[in-house]
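Structural features, examined
Okay, here's what each chain looks like letter by letter:
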Amino acid sequence: MSANGPRPAPGRAWLGYLSAGLVAIACYYAIPREGVGIAARVVMYCLTSTSAAVVVLVCALRLRTGARLPWLLLGFGQVVYSVADCTFYVNHYLLGLTGYPSLADVFYLGHYPLTVAALLLLIGRRTPGRDVQSALDASVLAVVAAMLSWLYLIGPRARLDQPALVTVASVAYPVMDLAMLAVAIRLFLGTGKRSGSFALLAANLLAILTADTLYVLQQLNGTFHAGNFLDAIWLAGNLALGAAALHPTRSAVAEPTAVRENVLGPGRIAALCVAALTAPAMLVVQHATGNFHDIPVVAAACAMLFVLVIARLAVLVADQRRLAITDALTGLHTRRFFVAQLPIEVERARRAGGSVAVFIADVDRFKSINDGHGHPAGDQVLVEIADRLRRAARAGDVVARYGGEEFALLVPGAGPTELAAIAQRLRDSVAGAPIEVSDSVWLAATVSVGAACYPEHAGDPAEVIAAADRSLYAAKVSGRDRAVVGAVRPDCDPAALDHLCRVADQVDATLSAPHNSRAVGRWTRLLAAELGHDEHAVKVAGLAGRLHDIGKIVVPEAVLTKPSALDREEWALVRAHADHGFRLADTVPGFFPVAQAIRQHHERYDGTGYPQGLAGNAIRWEARLVAVCDVWAAMLTDRPHRRALSVDAARDELRSGRGSRYDPDVVDLFLDLHAAGRIDSPTAGRVVG
């Protein structure tokens, strides 16, 4: 124990300072206001004010660099404020200089920018991200405060008949207070810890704002005199600032905190409701008192509040939607959003004749990561993989967390030729480097990827996902850490295929061309094989050729066999057979690629065909093969409305449609194969598949 008594513990220094300061305020009011008492009062007031500046600066210098600057600015602001106090009280009490405004007012007004800058720094540090909700709420309260300040402080003072310099100084105080109030409200409504130091800082701001407001009101009423009860409020505010700097939690005031997702609690709702109703209430008050010159100000406040409330609702709706579609752990989209977005992209691709790709990536052996290193490590791995997949995706792609350790990628516009490269990019992005789960633990992670696209592998959103999922399963059973594109569904029911083939034969019989569909299927398979497609693709192309005309089964026989030209209605019936054929083939599970080729085999390369008006490579490659094979078979076969063409005439007809009706490369290949004797007669009649 020292000679001066026990020292307060470091954690209680703020309390000792605050207690000593309150005693000093009591002594200030106890000192007589005459004789040497006047000088003693000035010394007591100035020492109390200056002590806060010294305490804040000393404590700020002891803080770590990140939290130091805001406290230094608060300290410098208090230095300017204490200089203003010393100047004012020395001039007023000791020198008898009572003019207004004075040099002291310059210092008083000068402390506001420093304080506002300090508060803005605290806001930026406490909420590193965007906190639009708190900013809008603070704006609502600030607008109401500005309106009330104009009605009862700024406006009345500005309208007084007084020297311009007096008006400027008198108006500057409430304006500066408004600036500090707006920033303070934003600080209080934002995120961050409400520590003891934060509460004392709030008390400082509240005391200064309250005393300044009462000071302006007393000036308007002519009741202000130095040394009244306002001095106690100002001094208490200074002491609160010093105590805030001494409090053990002063560093926490500047600690970053994540933005809270839901800040619209009952208290805030009540405050916003009162604020929003204050402006209309002021209109009623202005009308009742006959004071109409401030109506435009109140009306402007009402308009601003209306805009801010609408903006607040918009932000609230946007935040709720974001929460609904965002995975809490990884920040990716949710499976719900992915499943909702896929039909939109598929429909857009259907209208434009484009494509959409789906990739499903599953983390290999993720259970062993959880079991060996714990669930926090597993979560860290998922977060890092999500970030790597996000970076590997393009702008406009949708990346989602599809399941526990499954991720999905939706890539609009990606066609079948791009799938393997994209899947490999996803794999490489994950496996490129180990993942740090702690200071000393790094884990290698890989993913298996399954891919499929519309319309190559499936015809509706659910089927696209199913196809990608089958591909993922194929990648897993093949040994993991690999990508599989468009794994096929097991072969369809032979009975269903046999039924469709009988329908095709019945159409051929109606057209008196009993072997045409078989020939078209045979030639299409040959072309597909010559183009280098794999066995599955060759089979799809052959089936599309074999079944290309099954839709004609619903066209009346009288129309199909009419020997003269068809009228408009009859021609519409015939043109519809492509869509009818699509619907018949699509009833067979896994037959969508075949069905699509059937629908498109009357599309023309220049875009003038039917039923969708597709052009060029927007037409499935199988359909472009079928188109050439179909017209060749038709030209070499007698039809009700014309006799068969000679082979030379048929060759000339194909050449004339090269690049307009038909894919030029397919025409060239077909004619080359025919010249080589590999395209047999339509009546050869060999049964295919």
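Reading the values: the criteria
Note on numbering: residues in each chain are counted from 1, in written sequence order. Per-residue local features of the predicted model are confined to residues with pLDDT of at least 70, and side-chain atom pairs are confined, for both listing and counting, to 80 or more; whole-chain, interface and lining totals are unaffected and use all residues. Neither water nor hydrogens contribute to the side-chain values; these are computed over all heavy atoms in the structure. A helix here means a DSSP run of H or I that spans at least four residues, while a strand means a run of E at least two residues long, and both kinds are numbered starting from the N terminus. Radius of gyration: over C-alpha atoms. The globule rule applied is 2.2 Å multiplied by the number of residues raised to the 0.38 power. Burial here depends on accessible area, computed with a 1.4 Å probe over protein chains only, as a share of the maximum for the residue type. Under 20% is buried, over 50% is exposed, and the range in between is partly exposed. The contact criterion used throughout is that any non-hydrogen atoms of two residues lie within 4.5 Å. Under the convention used here, a 1.4 Å probe and the Shrake-Rupley method define accessible areas, while residue burial counts only the protein chains that appear. Charge assignment: positive for Lys and Arg, negative for Asp and Glu; neither His nor the chain ends contribute. By convention, charge coordinates are those of NZ in Lys, CZ in Arg, CG in Asp, or CD in Glu. Axis angles are defined between N-to-C directions and span 0 to 180 degrees, where every axis is a line fitted to C-alpha atoms and, for a helix, only to the segment in contact. With respect to orientation, any angle under 35 degrees is reported as roughly parallel, any angle over 145 as roughly antiparallel, any angle of 65 to 115 as roughly perpendicular, and every other angle as oblique. Working rule for handedness: look at the near helix, and if it is turned counterclockwise from the far one by less than a right angle, call the crossing left-handed; if clockwise, right-handed. Classification convention: Asp, Glu, Lys, Arg as charged; Ala, Val, Leu, Ile, Met, Phe, Trp, Tyr, Cys, Pro as nonpolar; all other residues, Gly among them, as polar. In this description, strands pair whenever DSSP reports at least two bridges between them. When the centres of two rings from Phe, Tyr and Trp lie within 6.5 Å, Trp using its six-membered ring, the rings pair. Their planes under 30 degrees apart give stacked, over 60 give edge-to-face, and anything left gives tilted. Two conditions define a charge sitting above a ring: the NZ of Lys or the CZ of Arg must be within 6 Å of the ring centre, and it must be within 35 degrees of the ring normal. Polar contact is defined as a pair of N or O atoms within 3.5 Å, subject to the rule that within protein one atom must be able to donate a hydrogen and the other to accept it, and that residues adjacent in sequence are counted only when both atoms are side-chain atoms. Helix span is expected to be 1.5 Å times the residue number reduced by one. How sure the predictor is of each residue is captured by pLDDT, a score from 0 to 100. Working definition: the arc comes from the directions between the helix axis and the C-beta atoms, pointing outward to the latter. Here, nonpolar core refers to any group of buried Ala, Val, Leu, Ile, Met, Phe, Trp, Tyr and Cys residues whose side-chain atoms link them within 4.5 Å.

Helix and strand counts for the protein chain come out as 25 helices and 8 strands. Expected size for 689 residues packed as a compact globule is a radius of gyration near 26 Å; at 41 Å, the protein chain overshoots this value by more than 25%. Reported as C-alpha extents along the three principal axes, the dimensions of the protein chain are approximately 135 × 70 × 40 Å. In the protein chain, which comprises 689 residues, the share counted as buried stands at 48%. Long-range contacts, defined as pairs at least 24 residues apart, comprise 71% of the intrachain contacts of the protein chain with a sequence gap of at least 6. Roughly 31600 Å² of accessible area belongs to the protein chain as shown, and the carbon and sulfur atoms make up 62% of that amount. Between the centroid of the 64 positive side chains of the protein chain and the centroid of its 62 negative side chains there is a distance of 5 Å.

Let us look at the packing of helix α5 (residues 132–158) against helix α6 (residues 164–189). Remark: α5 packs on α6, axes separated minimally by 9 Å, with the N-to-C direction vectors making an angle of 165°. With respect to each other, α5 and α6 are oriented roughly antiparallel. Our pair here, α5 against α6, has a crossing hand that is right-handed. Looking at side-chain class alone, the contact of α5 with α6 contains 18 nonpolar, 4 polar and 3 charged residues.

Turning our attention to the sheet that holds strand β3 (residues 398–401). What the 6 strands build is an open sheet, ordered β1-β3-β4-β2-β7-β8; its pairing is mixed. Strands at the two margins of the open sheet, each flanked by one partner only, are β1 (333–334) and β8 (483–485). When strand β2 (residues 356–363) meets strand β4 (residues 406–412), the two strands line up antiparallel, connected through 7 bridges. Bridge pairing in β4 places Ala 357 opposite Val 411. On the sheet, helix α11 (residues 335–352) packs against β1, β2, β3, β4 and β7 (447–454) and is oriented at approximately 20° with respect to β4.

Under the defined criterion, the tally for this structure stands at 14 aromatic pairs. Ring geometry for Tyr 89 and Tyr 93: centres 5.8 Å apart, planes at 10°, overall stacked. Remark: Tyr 93 and Tyr 89 occur in helix α3 (residues 65–94); sequence separation between them is 4 residues, near one turn of the helix. Its relative accessible area of 21% is what places Tyr 93 among the partly exposed residues. Ring centres of Tyr 173 and Tyr 215 lie 5.9 Å apart, and the angle between their planes is 75°; on these two criteria the pair is classed as edge-to-face. One end of the pair, Tyr 173, is in helix α6; the other, Tyr 215, is in helix α7 (residues 196–221), and 42 residues separate them in sequence. Like Tyr 215, Tyr 173 is buried. A cation sits over an aromatic face here: Arg 41 above Tyr 28, 4.2 Å from the ring centre. The side chain of Arg 335 reaches across the aromatic face of Tyr 402, ending 4.0 Å from its centre.

With 8 of 8 residues buried, β7 lies mostly within the body of the structure. Side chains of β7 alternate between two faces, with Val 447, Val 449, Ala 451 and Cys 453 and Ser 448, Gly 450, Ala 452 and Tyr 454 buried alike. Summarising the sheet, β2 and β7 pair through 8 bridges and their orientation is antiparallel. For Ile 360, the partnering residue across the bridge sits in β7 and is Gly 450. As judged from the 3 bridges shared by β7 and β8, these two strands associate in the parallel manner. Note that in β8 the partner of Gly 450 across the bridge is Val 484.

Mapped onto the secondary structure, Thr 48 falls in helix α2 (residues 36–61). A distance of 2.8 Å separates a polar atom in the side chain of Thr 48 from the backbone oxygen of Met 44.

Under the 1.5 Å per step criterion, the end-to-end length of α11 is 26 Å for 18 residues, consistent within 8% with the ideal 26 Å. Along α11, the positions that sit buried rather than exposed are Phe 337, Phe 338, Gln 341, Leu 342, Glu 345, Val 346 and Ala 349. Of the residues flanking the end of α11, it is Gly 353, one or two places downstream, whose phi is positive at about 70°.

By secondary structure assignment, the location of Asp 469 is in helix α15 (residues 461–477). For the pair formed by Asp 469 and Val 358, sequence separation is 111 residues and the distance between their alpha carbons is 9.4 Å.

Here the focus is the confidence of the model for the protein chain. Averaged over all residues, the pLDDT of the protein chain equals 87, while 95% of them reach at least 70. Scored below 50 in pLDDT, residues 1–9 shows 2 contacts in the model against residues more than four places distant or in partner chains. Every residue in residues 685–689 scores below 50 in pLDDT, and together they form 11 contacts with partners more than four places removed in sequence or on other chains.

This next bit is on helix α24 (residues 647–656). Because each turn of an α-helix spans 3.6 residues, side chains separated by three or four positions end up pointing in the same direction. What α24 keeps buried is the set Ala 650, Arg 651 and Leu 654. Buried residues along α24 cover an arc of 100° about the axis, so they all sit on one side. Among the exposed residues of α24, those pointing more than 90 degrees away from its buried face are Asp 648 and Ser 656. In this structure, the buried residues of α24 make contact with α23 (621–635) and α25 (664–675).

Moving on, we get to the nonpolar core. One finds Phe 338, Leu 547, Phe 591, Leu 654 and Phe 670 to be the most contacted residues of the largest nonpolar core, which totals 72 residues. Residue contributions to this core peak at 10 residues, all from α23. Excluding its chain neighbours within four sequence positions, the residues that come into contact with Phe 338 are Val 358, Val 398, Ala 400, Tyr 402, Ala 408, Leu 409, Leu 410 and Ile 465. Counting 58 residues, the second largest nonpolar core, distinct from the first, contains Trp 71, Ala 84, Ala 104 and Trp 234.

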